[in-house]
Amino acid sequence: MGLSTIAFTICFAVWTIFAIIGIEIKGELGLSDTQFGLLVGTPILTGSLTRLFLGVWTDQYGGRIVFPLTMIASAIATYLLSFADSYFLTLLAALGLGVAGGTFAVGVAYVSKWYPPEKQGSALGFFGMGNVGAAVTKFTAPWVMVAFGWQAVAQIWATVAAVMAVVFFLFSKDDPELAARKLSGAKPKTLREQLEPLKKEQVWRFSLYYFFVFGAFVALALWLPKYLIGVYGVDVKLAGTLAAVFSLSASVFRAYGGILSDRYGARKVMYATFGVSLVCLFMLSYPSTDYIIHGSRGDIAFSTEMGLVPFVVTIFVLGFFMSLGKAAVYKHIPVYYPDHVGSVGGMVGLVGGLGGFILPIIFGAVSDLTGIWTSCFMVLFALVAVALVWMHIAVRQMEQKAARVEGRTLPEFPEMAELHEDAKHEPHAYEPDGKVLKEWRPEDAEFWEKTGEKIARRNLYISIPALLLAFCVWMVWSVVVAKLPSIGFDYSTNQLFWLAALPGLSGATLRIFYSFMVPIFGGRLWTTLSTASLLIPAFGIGYAVQNPETPYLIFLVLALLCGFGGGNFASSMANISFFFPKAQKGNALALNAGLGNLGVSVMQFSVPLVIAAGVFGALGGMPQQTAEGGQLWLQNAGFIWVPFIIASTLLAWFGMNDIADAKASFAEQAVIFQRKHNWLMSWLYTGTFGSFIGFSAGLPLLAKHQFPDVDVLKFVFLGPLVGALSRAATGWISDRWGGGRVTFWVFVGMMLAVVGVVYFLEAGSWWGFLGMFIAMFFLTGVGNASTFQMIPIIMRQEVPRLMPELKGAELTRQAEKESAAIVGFTSAVAAYGAFFIPKSFGSSIEATGSPMMALWGFFAFYASCAVLTWWAYTRRGGLLHDIERGRAPAPAATPHILKEA
């Protein structure tokens, strides 16, 4: 292990040599940031791609042979680098130099053979300390380069690597497994046998973890000297020294990470790694910003810039936890794949190493694109967030699986439980906390009256304001874009249209994913996270609109991020549907959705008021001067929601509950894609909610185009207001008369309303036009409630027929899970109306000069919805005909379902 660690340290020093000499080469060759990123990443690419095969060859032929041969190959390429005089030749030499990075897979496969499983975390952690070679390069290479030139650095590093290759070959020995195989004459495993474990999903999940903990470490080790020189103006020697602080912390503590993983388990170490990294990267991501507050005694200036000392401290902490994470990832491999350490360790190392190649290129490209120095940390923040979410989902799925089997506990490594059900590790049993409802029986009248109703209504009352805020943020661009030109943003009409339309696209798309999140994460956690996510676009809009020089790209990103609000609807409805009994679902979902939809009207009414005054005083920033000579505080369109979002987030976390029986993986919920009623109800809900949200987004523009002499902004909020209130107030109609019958007559009414809109447009009557649209909004609200009331009843009839093997409570739970998933998915599909309806109006006006073509198209669509509702559900013989008339349910239902229906 000692020889391997020293050899790997030298190889890592060679592998990261471009972090220092690359700066000098960049100046000599006149390279851009993107070209520089490609140069420093090229050795990482070679080192990564070779890891898999070097690991396999080590298992087959032994580290004593493979290690020195690899070092010799990289030493030759490094020496030839000193003679390169063009960008192409430099890249070519960098490819060969990169083989040095592949020695990691060699060392893992070689060292692990000498230690028992309970010691391998510590042993591989100690070996991984060879990452400190990056710090060696940063400490020493700047001084050598200043004294003798960058060519001397390449030649000296190559010579040291070649010497070490000889020393390693002379003094190392064959590992015990290879020695025993030689004595027995057994043949090594074939390449196909070695690669067999790579079919396992767990291998790829751990590869993503390593992509961050190792790949991001390498990327930052290469990028930090340039960053420090550019941001803090230090010279190359000090930049190399300070960057070495990060490399040291991300290397020398790897052994400690292995010890912690052996003692406490790799799962806890990985959670700590990702959690602390998320905090550090958030701090590092915030760009340097200057603020000036015009106070009563003069200007008050302050800056959010992170100074050099806090920066170095933060990256030290980040590197420390990344080093723990690197050891934790590799703790798993020799324990669970003792016969495939080379291939599995090589693949995980390959993907991790690719991070060191891909990320510097991304850093350079993002820096060129945005001009923001801290953009590299923004990229890493997003990466670690994805890794943390995936890991948490994997752990929760294993916990849910264990909770369903009485007496079953999880092994120490739940991510790998499928491979080693009998692994001899300390168990980690699943123990729900006090916010998890272990027993939930809303159909039991006694339980509902004594316990259930109070809890259900508390969760509903917390969910409603959270959803209302989500709609406020989702639709806020419909007002903001109308004001941007007046305060100096020189955007074309087409650009403004895309800013208004993108929240609809992203919100609808996010709903598809949000539909499945509640059973995976739990309603309490997901409501908290999804509500808190609204702070990102709210703050972003508030800052971006204050500077007319803000790039259009930033506004596009913020418009997309507003889709977080649109996505929340799917998860909110799915969550609330679990809490209420069938007889009250329609009204509960109508209240949640209807009052949530009210956010559109609340926003359209309140934003024009708050942007006209300095609501937040000096903290809210200075007003913008309008072209007409007035003042606007357009930033308040974003800031006004911040305190309410924070309060709603805290309420969700401390006041809501999870239902244990409502847990399900994505695979379990994906069965809805095989249910025809999922697709039929998506079509119908597009006719109701798609119309509501689409008309909310498109009516102001349409009204202004058709009635230019009317101040339409004073009246258009009435449509969404009526639609939201009608949804909240009319759920009882569907509970009493049946959602299918109500839905049918809603579409008939919407057809008549379209005819009315056409008539009054031709007559040029503003009040008639507005009245017909208000009627349309009212009908969409009624239809939104009635379609959602249909879904759980439909699935209670269909699940017994489709899954006859299920009985009793298990059958009910399956119907509830599918109903919740369908509720979320249909809302996702329908939300695309926020894009297509305004686009239809625009296309019709552009093609014909009138919106009539679009309106007649809507008439035909509503007619198809009415026919579909009648044929599938309400006609004699339809699925809901007998149920909604109080007769015997369809024969496919079981006695249990009959009683409930």
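All values reported here derive from a predicted model rather than from experimental measurement.

A.B. asks: Explain the overall build of the protein chain here, please?
C.D. replies: Of regular secondary structure, the protein chain possesses 41 helices and six strands. Here the protein chain holds 901 residues, and 59% of them are scored as buried. Approximately 34,800 Å² of the protein chain is accessible, and the part contributed by carbon and sulfur atoms is 67%.

A.B. asks: Help me understand the nonpolar core, please; the structure alone is not making it clear to me.
C.D. replies: The tendency in soluble globular proteins is for nonpolar side chains to be buried side by side. Counting 142 residues, the largest nonpolar core has Val476, Trp477, Leu484, Leu499, Trp641 and Phe769 as the members making the most contacts within it. Setting aside chain neighbours within four positions, we find Leu484 in contact with Trp477, Phe489, Tyr491, Leu496, Leu499, Val545, Phe555 and Leu634. Core analysis: the next-biggest nonpolar cluster, separate from the first, contains 112 residues, Val40, Phe67, Ala75 and Ala161 among them.

A.B. asks: Could you clarify how one ought to interpret a nonpolar patch on the surface in this entry?
C.D. replies: Together, Ile65, Leu69, Val166, Phe169, Leu170 and Phe171 give the surface a local cluster of nonpolar side chains, amounting to about 610 Å² of exposed area. Among the elements of the structure, α5 (63-81) and α10 (150-171) are those that each provide at least two residues to the nonpolar patch. On the secondary structure map, Phe169 appears in helix α10.

A.B. asks: For this particular structure, what's the right way to read the environment of Trp641?
C.D. replies: Within the element layout of this structure, Trp641 appears in the loop between α29 (636-639) and α30 (642-655). Of the residues examined, Trp641 reaches a relative accessible area of 6% and is grouped as buried. Linking Trp641 and Leu534, residues 107 residues apart in sequence, is a C-alpha distance of 8.8 Å. What Trp641 contacts, discounting residues up to four positions off in sequence, is Leu469, Cys472, Val473, Val476, Val602, Met603, Ser606 and Val607.

A.B. asks: Teacher, can you tell me more about the packing of aromatic side chains here?
C.D. replies: In the structure shown here, the tally under the stated rule is 46 aromatic pairs. Against the face of Trp653 rests Arg524, its NZ or CZ located 3.7 Å from the ring centre. Across from the ring centre of Trp871, 4.0 Å away, lies the NZ or CZ of Arg875, which sits over that ring.

A.B. asks: What's the story with empty space enclosed by the protein in this structure? I'm lost.
C.D. replies: To find leftover empty space, one rolls a probe the size of a water molecule over the atoms. Using the criterion set out here, one finds five cavities of 30 Å³ or more in the structure. Each pocket or cavity is described by its volume, and for the largest cavity that value is around 70 Å³. In terms of lining residues, the largest cavity is bounded by Ser463, Ala466, Leu467, Trp526, Thr527, Ser530, Thr531, Asn568, Ser571 and Ser572. Of all the elements in the fold, those that place two or more residues in the lining of the largest cavity are α20 (445-475), α24 (523-532) and α27 (563-577). Top contributing element to the lining of the largest cavity by residue count: α24, with four residues. Considered class by class, the residues forming the lining of the largest cavity number three nonpolar, seven polar and no charged.

A.B. asks: Looking at this structure, how should I read the layout of surface pockets?
C.D. replies: In this structure, the second largest pocket occupies an estimated 1,300 Å³ of space. Along its surface, the second largest pocket is lined by 43 residues, and Ser478, Val481, Ala482, Pro700 and Leu701 are the ones closest to its centre. Where the lining of the second largest pocket is concerned, the elements lending two or more residues are α20, α21 (477-483), α22 (493-514), α28 (582-610), α32 (676-706) and α38 (833-848). The leading source of residues in the lining of the second largest pocket is α38, at nine residues. Residues of the lining of the second largest pocket, tallied by class, amount to 29 nonpolar, eight polar and six charged.

A.B. asks: Looking at this model, I keep getting lost on the pattern of salt bridges. Mind explaining?
C.D. replies: If charged atoms from side chains of opposite charge come close, those side chains can pair. For the structure shown, the criterion picks out five salt bridges. One salt bridge connects Arg796 with Glu443, and the closest N-O pair in it is separated by 3.3 Å. Here Arg796, found in helix α36 (residues 766-802), pairs with Glu443, found in the loop between β3 (436-437) and α20; they are 353 residues apart in sequence, far enough to count as distant. Residues Arg801 and Glu798 are paired through a salt bridge, measuring 2.5 Å at the closest nitrogen-oxygen approach. Taken as a pair, Arg801 and Glu798 lie in helix α36 at a separation of three residues, close to a single helical turn. Classification of Glu798 by relative accessible area gives buried; the value is 7%.

A.B. asks: Explain the packing of helix α1 (residues 2-15) against helix α7 (residues 103-112) to me, please; I cannot follow it from the model alone.
C.D. replies: The angle between the axes and the distance between the axes are what describe a pair of packed helices. Running from N to C, α1 and α7 point in directions that differ by 170°, and their axes come no closer than 10 Å. Regarding the angle of α1 to α7, the classification is roughly antiparallel. Contacts from Ser4, Phe8 and Cys11 in α1 reach Thr103, Phe104, Tyr110 and Val111 in α7. Class assignment of the residues belonging to the contact of α1 with α7 gives a composition of five nonpolar, two polar and no charged.

A.B. asks: It is not clear to me how the side chain of Arg524 should be interpreted in this structure. Could you clarify?
C.D. replies: Looking at where Arg524 falls in the secondary structure, it is placed in helix α24. At a separation of 2.7 Å, a polar atom in the side chain of Arg524 contacts the main-chain carbonyl oxygen of Trp653.

A.B. asks: Can you walk me through α36 in this structure?
C.D. replies: For α36, which comprises 37 residues, the first-to-last C-alpha distance of 52 Å matches the rise-based estimate of 54 Å (1.5 Å per residue) to within 8%. With 29 of 37 residues buried, α36 lies mostly within the body of the structure. Sitting at the head of α36, Ser765 places a side-chain oxygen 3.1 Å from the backbone nitrogen of Gly768.

A.B. asks: Explain helix α4 (residues 51-61) here, please?
C.D. replies: Burial of α4 is extensive: eight of the 11 residues sit out of reach of the surface. The complete set of buried residues in α4 reads Arg51, Leu52, Leu54, Gly55, Val56, Thr58, Asp59 and Gln60. Two residues or fewer past α4, Gly62 is found with a positive phi of approximately 95°.

A.B. asks: Can you help me understand the environment of Ile315 in this one?
C.D. replies: Here Ile315 is to be found in helix α17 (residues 308-336). Using a relative accessible area of 2% as the deciding quantity, one classes Ile315 as buried. For Ile315 and Ser277, which are 38 residues apart along the polypeptide, the C-alpha to C-alpha distance reads 9.6 Å. Not counting chain neighbours up to four residues away, the residues in contact with Ile315 comprise Leu224, Leu242, Phe246, Ser249 and Leu284.

A.B. asks: How should I be thinking about the confidence of the model for the protein chain in this particular structure?
C.D. replies: Close inspection of predicted coordinates is inappropriate for parts of the model with low pLDDT. On average, the protein chain scores 78 in pLDDT, and the residues at 70 or more come to 83%. Mean pLDDT in the protein chain bottoms out at helix α41 (residues 895-900), which sits at 30, and peaks at helix α35 (residues 739-763), which reaches 93. Contacts of residues 406-433 to residues separated by more than four positions or lying in other chains number 59 contacts, the stretch itself having pLDDT below 50. Counted against residues more than four places away or in other chains, residues 888-901, with its pLDDT under 50, gives 26 contacts.

Quick notes on the rules
Counting from 1, residues in each chain are numbered in the order their sequence is written. Selection of residues for local features in this predicted model requires a pLDDT of at least 70, selection of side-chain atom pairs for listing and counting requires 80 or more, and totals for whole chains, interfaces and linings are taken over all residues. Side-chain metrics in this entry use all non-hydrogen atoms of the structure; hydrogen atoms and water are not considered. Elements are defined by DSSP. Helices are runs of H or I of four residues or more, strands are runs of E of two residues or more, and each kind is numbered from the N terminus. Buried residues are those whose accessible area, probed at 1.4 Å on protein chains only, stays under 20% of the maximum for their type, while exposed residues exceed 50% and partly exposed ones sit between those limits. Only the protein chains shown count as cover for residues, and the accessible areas themselves come from Shrake-Rupley with a 1.4 Å probe. Take the buried Ala, Val, Leu, Ile, Met, Phe, Trp, Tyr and Cys residues and link them wherever side-chain atoms come within 4.5 Å; each set so joined is a nonpolar core. In what follows, a contact means two residues having at least one pair of non-hydrogen atoms within 4.5 Å. Only residues whose relative accessible area exceeds 30% and that take part in no salt bridge are eligible for patches, with like-charged residues grouped when within 9 Å of each other and nonpolar side chains (Val, Leu, Ile, Met, Phe, Trp, Tyr) grouped when within 5 Å. Counted as salt bridges are all cases of a side-chain nitrogen of Lys or Arg within 4 Å of a carboxyl oxygen of Asp or Glu. Under the pairing criterion, centres of Phe, Tyr and Trp rings, with the six-membered ring standing for Trp, must be within 6.5 Å; the plane angle then separates stacked pairs below 30 degrees from edge-to-face pairs above 60, leaving the rest tilted. Sitting over a ring, as applied to charges here, requires NZ of Lys or CZ of Arg to be within 6 Å of the ring centre and within 35 degrees of the ring normal. Buriedness for pockets is judged along seven lines, at least five of which must meet protein on both sides within 12 Å for an open set on the 1 Å grid over protein atoms alone, while cavities are sets there where a 1.4 Å probe fits but cannot get out, and lining residues have an atom within 4 Å of a point. Grid points are joined across faces, edges and corners, and a volume is the space filled by probe spheres set on the points. As a working rule, the residues Ala, Val, Leu, Ile, Met, Phe, Trp, Tyr, Cys and Pro are called nonpolar, Asp, Glu, Lys and Arg charged, and the rest polar, with Gly in that last group. Axes, fitted as lines to C-alpha atoms, cover a helix only where it is in contact. Angles between the N-to-C directions of the axes lie from 0 to 180 degrees. By definition in this entry, angles of less than 35 degrees are roughly parallel, angles greater than 145 are roughly antiparallel, angles of 65 to 115 are roughly perpendicular, and the rest are oblique. Residues adjacent in sequence count toward polar contacts only when both atoms are side-chain atoms; beyond that, a polar contact is any pair of N or O atoms within 3.5 Å, and within protein one must be able to donate a hydrogen and the other to accept it. Working rule for helices: expected span equals 1.5 Å times residues minus one. Every residue gets a pLDDT, meaning the predictor's confidence in that residue, from 0 to 100.

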